[in-house]
Amino acid sequence: MKINVIKTQTPKAKPDPNSLGFGKYFTDHMFVMDYVKGQGWINPQIIPYQPLPMDPACMVFHYAQEIFEGLKAYKTADGGIQLFRPFDNIRRMNESADRLCIPALDVDFAVEAIKELVAVDSDWIPTQPGTSLYIRPFIIATDNALGVHASATYKFIVILSPVGSYYKEGLNPVKIFVESEYVRAVKGGTGFTKCGGNYAGSLKAQEITEKSGYSQVLWLDGVEKKYIEEVGSMNVFFKIDGEVITPMLNGSILGGITRKSCIELLKSWGMKVSERRISIEEVYDAYQNGKLEEVFGTGTAAVISPVGTLGWKDHVMTINNGEIGEVSQKLYDAITGIQTGKIADPFNWTVKVK
Ligand code: COI
(Lines give C-alpha, C1' and ligand atoms only; values in the text may rest on other atoms or scores of the structure.)
Protein backbone atom coordinates (compact mmCIF):
# COMPACT_ATOMS: atom_id res chain seq x y z
CA MET A 1 0.00 0.00 0.00
CA LYS A 2 1.36 3.40 -0.91
CA ILE A 3 1.28 6.11 1.73
CA ASN A 4 -0.12 9.40 0.45
CA VAL A 5 1.96 12.29 1.88
CA ILE A 6 0.57 15.82 2.25
CA LYS A 7 3.09 18.19 3.81
CA THR A 8 2.18 21.13 6.00
CA GLN A 9 2.38 24.64 4.58
CA THR A 10 2.74 26.12 8.06
CA PRO A 11 5.48 24.34 10.04
CA LYS A 12 5.43 25.06 13.77
CA ALA A 13 8.24 26.61 15.84
CA LYS A 14 10.29 23.91 17.59
CA PRO A 15 10.31 23.85 21.41
CA ASP A 16 13.39 24.59 23.54
CA PRO A 17 15.22 21.21 23.60
CA ASN A 18 16.35 21.90 27.17
CA SER A 19 12.84 22.00 28.62
CA LEU A 20 10.87 19.42 26.68
CA GLY A 21 9.35 17.49 29.58
CA PHE A 22 7.25 14.54 28.38
CA GLY A 23 4.52 14.57 25.74
CA LYS A 24 3.84 18.32 25.66
CA TYR A 25 4.84 19.18 22.10
CA PHE A 26 3.80 17.52 18.84
CA THR A 27 5.47 17.59 15.45
CA ASP A 28 4.14 18.91 12.13
CA HIS A 29 2.70 15.67 10.74
CA MET A 30 0.75 12.57 11.73
CA PHE A 31 0.00 9.21 10.12
CA VAL A 32 -3.64 8.16 9.72
CA MET A 33 -5.12 4.98 8.28
CA ASP A 34 -8.74 3.77 8.33
CA TYR A 35 -10.22 0.34 8.86
CA VAL A 36 -13.57 -0.63 7.41
CA LYS A 37 -14.96 -4.11 8.04
CA GLY A 38 -14.90 -6.01 4.77
CA GLN A 39 -12.21 -3.74 3.28
CA GLY A 40 -9.46 -4.02 5.88
CA TRP A 41 -6.95 -1.22 6.59
CA ILE A 42 -7.19 1.39 3.83
CA ASN A 43 -6.18 4.90 2.88
CA PRO A 44 -2.81 5.33 4.64
CA GLN A 45 -1.77 8.97 4.76
CA ILE A 46 0.78 11.29 6.31
CA ILE A 47 -0.96 14.63 6.77
CA PRO A 48 -0.36 17.87 8.69
CA TYR A 49 -0.90 17.38 12.47
CA GLN A 50 -4.51 18.37 13.09
CA PRO A 51 -7.59 17.77 15.27
CA LEU A 52 -9.87 14.85 14.41
CA PRO A 53 -13.48 15.61 13.49
CA MET A 54 -15.47 13.19 15.66
CA ASP A 55 -19.15 12.52 16.18
CA PRO A 56 -20.20 12.69 19.87
CA ALA A 57 -21.60 9.15 19.49
CA CYS A 58 -18.18 7.81 18.42
CA MET A 59 -17.76 4.49 20.25
CA VAL A 60 -14.32 5.24 21.64
CA PHE A 61 -15.80 8.03 23.79
CA HIS A 62 -18.25 5.67 25.42
CA TYR A 63 -16.75 2.21 25.71
CA ALA A 64 -13.03 2.97 25.44
CA GLN A 65 -12.24 0.52 22.64
CA GLU A 66 -8.73 1.93 22.27
CA ILE A 67 -5.14 0.72 22.40
CA PHE A 68 -1.78 2.45 22.14
CA GLU A 69 1.96 1.92 22.01
CA GLY A 70 5.07 3.93 22.84
CA LEU A 71 8.47 3.76 21.17
CA LYS A 72 11.26 6.18 20.39
CA ALA A 73 13.45 7.45 17.53
CA TYR A 74 17.00 8.70 18.06
CA LYS A 75 19.56 10.57 15.98
CA THR A 76 22.95 8.94 15.83
CA ALA A 77 26.25 10.83 15.72
CA ASP A 78 26.66 10.09 11.99
CA GLY A 79 23.34 11.84 11.25
CA GLY A 80 21.39 8.57 10.94
CA ILE A 81 18.04 7.96 12.58
CA GLN A 82 17.08 4.74 14.33
CA LEU A 83 14.19 3.11 16.16
CA PHE A 84 14.45 0.71 19.10
CA ARG A 85 12.73 -2.68 18.60
CA PRO A 86 9.74 -1.25 16.64
CA PHE A 87 8.56 -4.65 15.42
CA ASP A 88 8.12 -5.73 19.04
CA ASN A 89 5.88 -2.73 19.66
CA ILE A 90 3.60 -3.50 16.73
CA ARG A 91 3.50 -7.19 17.62
CA ARG A 92 2.48 -6.21 21.16
CA MET A 93 -0.10 -3.82 19.71
CA ASN A 94 -1.62 -6.73 17.83
CA GLU A 95 -1.84 -8.69 21.11
CA SER A 96 -3.64 -5.74 22.69
CA ALA A 97 -5.83 -5.49 19.56
CA ASP A 98 -6.86 -9.12 19.83
CA ARG A 99 -7.96 -8.69 23.48
CA LEU A 100 -9.95 -5.54 22.64
CA CYS A 101 -11.56 -7.02 19.45
CA ILE A 102 -9.67 -4.53 17.27
CA PRO A 103 -8.38 -5.71 13.86
CA ALA A 104 -4.67 -6.50 13.67
CA LEU A 105 -2.16 -4.40 11.76
CA ASP A 106 0.28 -5.71 9.19
CA VAL A 107 3.44 -5.49 11.31
CA ASP A 108 5.85 -4.68 8.47
CA PHE A 109 3.55 -2.06 7.00
CA ALA A 110 2.97 -0.35 10.35
CA VAL A 111 6.74 -0.15 10.97
CA GLU A 112 7.22 1.26 7.43
CA ALA A 113 4.56 3.89 8.14
CA ILE A 114 6.32 4.89 11.37
CA LYS A 115 9.66 5.11 9.57
CA GLU A 116 8.18 7.30 6.85
CA LEU A 117 6.51 9.62 9.37
CA VAL A 118 9.71 9.93 11.43
CA ALA A 119 11.65 10.70 8.23
CA VAL A 120 9.17 13.47 7.30
CA ASP A 121 9.51 15.06 10.77
CA SER A 122 13.19 14.18 11.29
CA ASP A 123 14.05 17.82 12.09
CA TRP A 124 12.06 17.37 15.29
CA ILE A 125 14.31 14.66 16.76
CA PRO A 126 16.15 16.29 19.67
CA THR A 127 19.79 15.37 20.24
CA GLN A 128 20.51 16.61 23.79
CA PRO A 129 21.48 13.78 26.17
CA GLY A 130 18.38 12.12 27.60
CA THR A 131 16.07 13.36 24.82
CA SER A 132 14.41 11.51 21.93
CA LEU A 133 11.39 11.58 19.64
CA TYR A 134 8.59 9.67 21.35
CA ILE A 135 6.31 7.85 18.91
CA ARG A 136 2.72 7.23 19.97
CA PRO A 137 0.78 4.85 17.69
CA PHE A 138 -2.84 4.28 18.71
CA ILE A 139 -6.05 2.74 17.39
CA ILE A 140 -9.54 4.01 18.18
CA ALA A 141 -13.00 2.61 17.45
CA THR A 142 -14.87 5.05 15.20
CA ASP A 143 -18.40 3.69 14.69
CA ASN A 144 -21.03 6.19 15.81
CA ALA A 145 -23.28 3.94 17.90
CA LEU A 146 -24.19 3.33 21.52
CA GLY A 147 -24.80 -0.41 21.49
CA VAL A 148 -22.03 -2.28 23.30
CA HIS A 149 -20.24 -4.31 20.63
CA ALA A 150 -17.01 -4.15 18.67
CA SER A 151 -16.84 -1.30 16.19
CA ALA A 152 -16.79 -2.05 12.45
CA THR A 153 -14.53 0.95 11.73
CA TYR A 154 -11.27 2.18 13.29
CA LYS A 155 -8.48 4.68 12.85
CA PHE A 156 -4.80 3.86 13.33
CA ILE A 157 -2.98 7.10 14.06
CA VAL A 158 0.67 7.85 14.85
CA ILE A 159 1.75 11.11 16.45
CA LEU A 160 5.26 12.21 17.43
CA SER A 161 6.49 14.20 20.42
CA PRO A 162 10.04 15.40 21.14
CA VAL A 163 10.64 14.45 24.79
CA GLY A 164 13.07 14.73 27.67
CA SER A 165 12.79 12.53 30.73
CA TYR A 166 9.42 11.17 31.86
CA TYR A 167 9.94 12.05 35.51
CA LYS A 168 11.02 15.52 36.59
CA GLU A 169 13.70 13.67 38.61
CA GLY A 170 15.37 12.49 35.34
CA LEU A 171 17.80 9.72 36.26
CA ASN A 172 17.60 10.68 39.94
CA PRO A 173 15.80 8.14 42.10
CA VAL A 174 12.00 8.46 42.39
CA LYS A 175 9.70 7.78 45.33
CA ILE A 176 7.20 4.96 44.83
CA PHE A 177 4.38 3.92 47.17
CA VAL A 178 2.96 0.40 47.36
CA GLU A 179 -0.79 0.58 46.71
CA SER A 180 -2.72 -1.56 49.18
CA GLU A 181 -6.32 -0.56 48.43
CA TYR A 182 -6.87 -0.14 44.70
CA VAL A 183 -5.81 -2.72 42.10
CA ARG A 184 -4.82 -2.31 38.45
CA ALA A 185 -5.66 -5.64 36.86
CA VAL A 186 -6.58 -9.25 37.37
CA LYS A 187 -5.81 -12.35 35.33
CA GLY A 188 -8.29 -12.64 32.50
CA GLY A 189 -8.63 -8.86 32.31
CA THR A 190 -6.75 -6.38 30.15
CA GLY A 191 -3.66 -5.88 32.35
CA PHE A 192 -1.26 -7.28 29.76
CA THR A 193 -2.49 -4.87 27.07
CA LYS A 194 -1.76 -1.23 26.48
CA CYS A 195 -5.33 0.00 26.52
CA GLY A 196 -6.27 3.45 27.74
CA GLY A 197 -8.73 2.00 30.25
CA ASN A 198 -5.90 0.45 32.27
CA TYR A 199 -4.44 3.89 32.78
CA ALA A 200 -7.79 5.62 33.48
CA GLY A 201 -8.36 3.09 36.27
CA SER A 202 -4.97 3.88 37.77
CA LEU A 203 -5.48 7.62 38.18
CA LYS A 204 -7.25 7.57 41.54
CA ALA A 205 -4.39 5.80 43.30
CA GLN A 206 -1.88 7.96 41.42
CA GLU A 207 -3.55 11.18 42.61
CA ILE A 208 -3.63 10.01 46.21
CA THR A 209 0.03 8.98 46.19
CA GLU A 210 1.13 12.25 44.58
CA LYS A 211 -0.55 14.16 47.42
CA SER A 212 1.74 12.31 49.85
CA GLY A 213 4.84 13.28 47.88
CA TYR A 214 5.34 10.04 45.92
CA SER A 215 5.71 9.91 42.11
CA GLN A 216 3.82 6.72 41.31
CA VAL A 217 2.26 3.63 42.86
CA LEU A 218 3.56 0.08 42.85
CA TRP A 219 0.65 -2.24 42.08
CA LEU A 220 0.10 -5.54 43.86
CA ASP A 221 -1.83 -8.46 42.37
CA GLY A 222 -5.58 -7.91 42.22
CA VAL A 223 -6.57 -11.02 44.20
CA GLU A 224 -4.35 -11.37 47.26
CA LYS A 225 -2.77 -7.90 47.14
CA LYS A 226 0.45 -9.64 47.98
CA TYR A 227 2.56 -10.15 44.87
CA ILE A 228 4.23 -7.29 43.04
CA GLU A 229 2.99 -6.50 39.54
CA GLU A 230 4.26 -3.21 38.09
CA VAL A 231 4.60 0.53 38.68
CA GLY A 232 2.20 3.11 37.12
CA SER A 233 4.06 3.49 33.83
CA MET A 234 6.94 1.02 34.21
CA ASN A 235 7.84 -2.59 34.95
CA VAL A 236 9.83 -3.06 38.13
CA PHE A 237 13.03 -4.88 39.13
CA PHE A 238 14.55 -5.65 42.55
CA LYS A 239 18.15 -6.61 43.27
CA ILE A 240 18.18 -8.77 46.37
CA ASP A 241 21.41 -10.35 47.58
CA GLY A 242 22.91 -10.37 44.07
CA GLU A 243 19.80 -11.74 42.31
CA VAL A 244 17.90 -9.41 39.96
CA ILE A 245 14.19 -10.25 40.16
CA THR A 246 11.24 -9.00 38.14
CA PRO A 247 7.65 -10.25 38.39
CA MET A 248 6.97 -12.91 35.76
CA LEU A 249 4.42 -12.15 33.06
CA ASN A 250 1.19 -13.65 34.33
CA GLY A 251 -1.52 -12.07 32.19
CA SER A 252 -2.03 -8.98 34.31
CA ILE A 253 1.41 -7.38 33.80
CA LEU A 254 2.49 -5.47 30.71
CA GLY A 255 5.23 -7.28 28.77
CA GLY A 256 7.54 -4.27 28.55
CA ILE A 257 10.07 -4.08 25.74
CA THR A 258 12.59 -2.29 27.96
CA ARG A 259 11.88 -4.97 30.60
CA LYS A 260 12.70 -7.71 28.07
CA SER A 261 15.83 -5.83 26.92
CA CYS A 262 17.07 -5.49 30.51
CA ILE A 263 16.60 -9.22 31.14
CA GLU A 264 18.55 -10.03 27.96
CA LEU A 265 21.33 -7.58 28.87
CA LEU A 266 21.62 -8.84 32.46
CA LYS A 267 21.82 -12.45 31.23
CA SER A 268 24.48 -11.48 28.68
CA TRP A 269 26.51 -9.97 31.55
CA GLY A 270 26.31 -13.28 33.41
CA MET A 271 24.11 -11.89 36.19
CA LYS A 272 21.56 -13.96 38.02
CA VAL A 273 18.18 -12.74 36.78
CA SER A 274 14.83 -14.30 37.62
CA GLU A 275 11.31 -13.75 36.35
CA ARG A 276 9.21 -15.03 39.20
CA ARG A 277 6.56 -14.19 41.75
CA ILE A 278 7.85 -11.79 44.35
CA SER A 279 5.79 -10.64 47.30
CA ILE A 280 5.99 -7.27 49.00
CA GLU A 281 6.83 -9.12 52.24
CA GLU A 282 9.89 -10.66 50.55
CA VAL A 283 11.03 -7.18 49.52
CA TYR A 284 10.46 -5.77 53.00
CA ASP A 285 12.26 -8.72 54.66
CA ALA A 286 15.20 -8.22 52.32
CA TYR A 287 15.23 -4.54 53.22
CA GLN A 288 15.27 -5.29 56.93
CA ASN A 289 18.08 -7.79 56.46
CA GLY A 290 20.15 -5.28 54.49
CA LYS A 291 19.80 -7.35 51.30
CA LEU A 292 17.61 -5.06 49.19
CA GLU A 293 20.37 -3.61 47.05
CA GLU A 294 18.50 -1.85 44.23
CA VAL A 295 15.02 -1.17 42.93
CA PHE A 296 14.38 0.29 39.48
CA GLY A 297 11.62 0.72 36.97
CA THR A 298 11.90 0.15 33.23
CA GLY A 299 9.79 1.50 30.38
CA THR A 300 9.99 3.18 27.01
CA ALA A 301 9.04 6.56 28.44
CA ALA A 302 10.95 6.16 31.71
CA VAL A 303 13.93 4.17 30.28
CA ILE A 304 15.54 3.09 33.59
CA SER A 305 14.23 4.88 36.63
CA PRO A 306 15.92 4.10 39.94
CA VAL A 307 13.66 3.96 42.98
CA GLY A 308 15.25 5.70 45.98
CA THR A 309 12.30 5.42 48.36
CA LEU A 310 9.72 2.67 48.57
CA GLY A 311 6.78 3.34 50.87
CA TRP A 312 4.61 0.46 52.08
CA LYS A 313 1.95 0.97 54.75
CA ASP A 314 3.83 2.80 57.54
CA HIS A 315 7.25 1.70 56.38
CA VAL A 316 9.59 3.90 54.39
CA MET A 317 12.42 1.95 52.74
CA THR A 318 15.39 4.01 51.59
CA ILE A 319 17.19 2.06 48.91
CA ASN A 320 20.92 2.35 48.23
CA ASN A 321 21.02 5.56 50.32
CA GLY A 322 18.57 7.11 47.85
CA GLU A 323 21.19 6.98 45.11
CA ILE A 324 21.22 5.32 41.70
CA GLY A 325 22.57 1.77 41.97
CA GLU A 326 25.36 0.19 39.97
CA VAL A 327 23.10 -2.15 37.96
CA SER A 328 20.54 0.58 37.22
CA GLN A 329 23.29 2.87 35.94
CA LYS A 330 24.88 0.10 33.87
CA LEU A 331 21.54 -0.80 32.28
CA TYR A 332 20.74 2.87 31.60
CA ASP A 333 24.12 3.39 29.92
CA ALA A 334 23.79 0.20 27.85
CA ILE A 335 20.19 0.79 26.73
CA THR A 336 20.60 4.48 25.89
CA GLY A 337 24.02 3.77 24.34
CA ILE A 338 22.49 1.19 21.97
CA GLN A 339 19.46 3.38 21.27
CA THR A 340 21.57 6.39 20.28
CA GLY A 341 24.19 4.35 18.42
CA LYS A 342 26.98 5.33 20.85
CA ILE A 343 27.74 1.70 21.58
CA ALA A 344 27.49 -1.44 19.45
CA ASP A 345 24.15 -3.23 19.15
CA PRO A 346 25.06 -6.92 19.45
CA PHE A 347 21.38 -7.90 19.69
CA ASN A 348 20.27 -6.11 16.48
CA TRP A 349 17.63 -4.22 18.41
CA THR A 350 17.89 -1.00 16.43
CA VAL A 351 16.23 -0.44 13.06
CA LYS A 352 17.48 2.29 10.74
CA VAL A 353 15.06 4.90 9.43
CA LYS A 354 17.83 6.32 7.29
C1 COI B 1 5.69 4.06 27.62
O2 COI B 1 6.62 3.80 28.39
O3 COI B 1 5.86 4.25 26.40
C4 COI B 1 4.35 4.17 28.08
O5 COI B 1 3.46 3.93 27.31
C6 COI B 1 4.10 4.60 29.44
C7 COI B 1 3.19 5.72 29.45
C8 COI B 1 1.81 5.47 29.73
C9 COI B 1 3.69 7.08 29.44
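This report concerns the structure included in the present document.

The rules behind each value
Residues numbered from 1 in each chain as written. Predicted model: local features only at pLDDT ≥ 70, side-chain atom pairs only at ≥ 80, totals over all residues. Heavy atoms only, no water. Buried < 20%, exposed > 50% of the residue type's maximum accessible area, 1.4 Å probe, protein only. Helix = DSSP H or I, 4+ residues; strand = E, 2+ residues; numbered from the N terminus. Pairing = 2+ DSSP bridges. Core = buried A, V, L, I, M, F, W, Y, C linked by side-chain atoms within 4.5 Å. Contact = heavy atoms within 4.5 Å. Near = heavy atom within 4 Å. Polar contact = N/O pair within 3.5 Å; in protein donor to acceptor, adjacent residues only side chain to side chain. Areas by Shrake-Rupley, 256 points an atom, 1.4 Å probe, with all protein chains shown as cover. Nonpolar A, V, L, I, M, F, W, Y, C, P; charged D, E, K, R; others polar. Domains from an automatic or database assignment. Phe/Tyr/Trp six-rings, centres within 6.5 Å; stacked < 30°, edge-to-face > 60°. Lys NZ or Arg CZ within 6 Å of the ring centre and 35° of its normal. Salt bridge = Lys/Arg side-chain N within 4 Å of Asp/Glu carboxyl O.

Our next topic: the pairing of strand β2 (residues 29-36). Among the 8 residues in β2, 7 count as buried, and that is most of the element. Pairing analysis gives 7 bridges linking β2 to strand β3 (residues 40-48), with the strands arranged antiparallel. When the sheet's bridge partners are listed, Phe 31 is paired in β3 with Ile 46. As paired strands, β2 and strand β8 (residues 153-163) are joined by 6 bridges and run antiparallel to one another. Looking at β8, one finds that Val 36 is bridged to Thr 153.

With respect to the element layout, Gly 197 can be found in helix α4 (residues 196-200). On the basis of relative accessible area, Gly 197 is assigned to the partly exposed category, the value being 37%.

The next subject is the nonpolar core. Ranked by size, the top nonpolar core spans 38 residues in total, and within it Phe 31, Leu 105, Val 118, Ile 135, Ile 139 and Phe 156 carry the most contacts. At the level of secondary structure, the elements contributing two or more residues to this core comprise β2, β3, β5 (71-75), β6 (81-84), α2 (86-99), α3 (107-120), β7 (132-141) and β8. In terms of residue count, α3 provides more of this core than any other element does, 8 residues in total. Those residues within four positions of Ile 139 in sequence are excluded, and the remaining contacts are Trp 41, Gln 65, Glu 66, Ile 67, Met 93, Ile 102, Pro 103, Leu 105, Tyr 154, Lys 155 and Phe 156. Listed in part, the 26 residues of the second largest apolar core include Val 231, Ala 286, Leu 292 and Trp 312.

Near the ligand you find Phe 68, Gly 70, Tyr 134, Arg 136, Tyr 166, Lys 194, Tyr 199, Ser 233, Thr 300 and Ala 301, and these make up its full shell. Tyr 134 places a side-chain nitrogen or oxygen 2.6 Å from an oxygen atom of the ligand. Note that an oxygen atom of the ligand is positioned 2.8 Å from one of the side-chain N or O atoms of Lys 194. Relative to its unbound accessible area of 290 Å², the ligand is 91% covered by the protein chains. Partitioning the shell around the ligand into residue classes produces 5 nonpolar, 3 polar and 2 charged. Among the domains, domain 1 (4-163) and domain 2 (174-339) are the pair contributing at least three residues each to the shell around the ligand.

Take Ser 274: it is sitting in strand β14 (residues 272-275). In this structure Ser 274 comes out as buried when scored by relative accessible area, which is 14%. Considered as a pair, Ser 274 and Lys 24 are 250 residues apart in the sequence and their alpha carbons are 36 Å apart. Sequence-distant contacts of Ser 274, defined by excluding residues within four places in its chain, comprise Glu 243, Val 244, Ile 245 and Thr 246.

Under the defined criterion, the tally for this structure stands at 15 aromatic pairs. The interplanar angle of 65° and the centroid separation of 4.9 Å between the aromatic rings of Phe 22 and Tyr 134 together place this pair among those described as edge-to-face. Within this pair, whereas Phe 22 is found in the loop between β1 (4-5) and β2, its partner Tyr 134 is found in strand β7, the two being separated by 112 residues in sequence. Judged by its relative accessible area of 22%, Phe 22 falls in the partly exposed class. Residue Tyr 134 is classed as buried on the basis of its relative accessible area of 8%. A connected cluster of aromatic rings, assembled from ring pairs, spans Phe 31, Tyr 35, Trp 41, Tyr 154 and Phe 156. Geometry around Tyr 214 places Lys 175 over its ring, the cationic atom sitting 4.9 Å from the centre.

Let us look at the environment of Val 60. Summarising the element assignment, Val 60 is placed in helix α1 (residues 59-63). The exposure class assigned to Val 60 is buried, which follows from its relative accessible area of 14%. With 56 residues separating them in the primary sequence, Val 60 and Asn 4 have C-alpha atoms 26 Å apart. Among residues more than four places away in sequence, those in contact with Val 60 are Met 54, Gln 65, Glu 66, Ile 140 and Ala 141.

Okay, the pairing of strand β12 (residues 235-240) next. For β12, a buried count of 6 out of 6 residues is recorded, marking the element as mostly surrounded by other parts of the structure. Side chains of β12 alternate between two faces, with Asn 235, Phe 237 and Lys 239 and Val 236, Phe 238 and Ile 240 buried alike. Taken together, the 6 bridges between β12 and strand β15 (residues 292-299) define a ladder with antiparallel strand orientation. Residue pairing in the sheet places Phe 237 in a bridge with Phe 296 of β15. In this sheet, strand β13 (residues 243-246) lies alongside β12 in antiparallel orientation, the contact comprising 3 bridges. In the strand pairing of β13, Lys 239 is matched with Val 244.

Here the focus is the pattern of salt bridges. Here the structure, examined in full by the defined rule, presents 12 salt bridges. Residues Glu 275 and Arg 259 are paired through a salt bridge, measuring 2.8 Å at the closest nitrogen-oxygen approach. Of the two residues, Glu 275 sits in strand β14 while Arg 259 sits in helix α6 (residues 257-268), which places them 16 residues apart along the sequence. Residue Glu 275 is classed as partly exposed on the basis of its relative accessible area, which comes to 38%. Judged by relative accessible area, which is 3%, Arg 259 ranks as buried. Through salt bridges with shared partners, a single ionic network connects Arg 85, Asp 88, Arg 91, Lys 260 and Glu 264.

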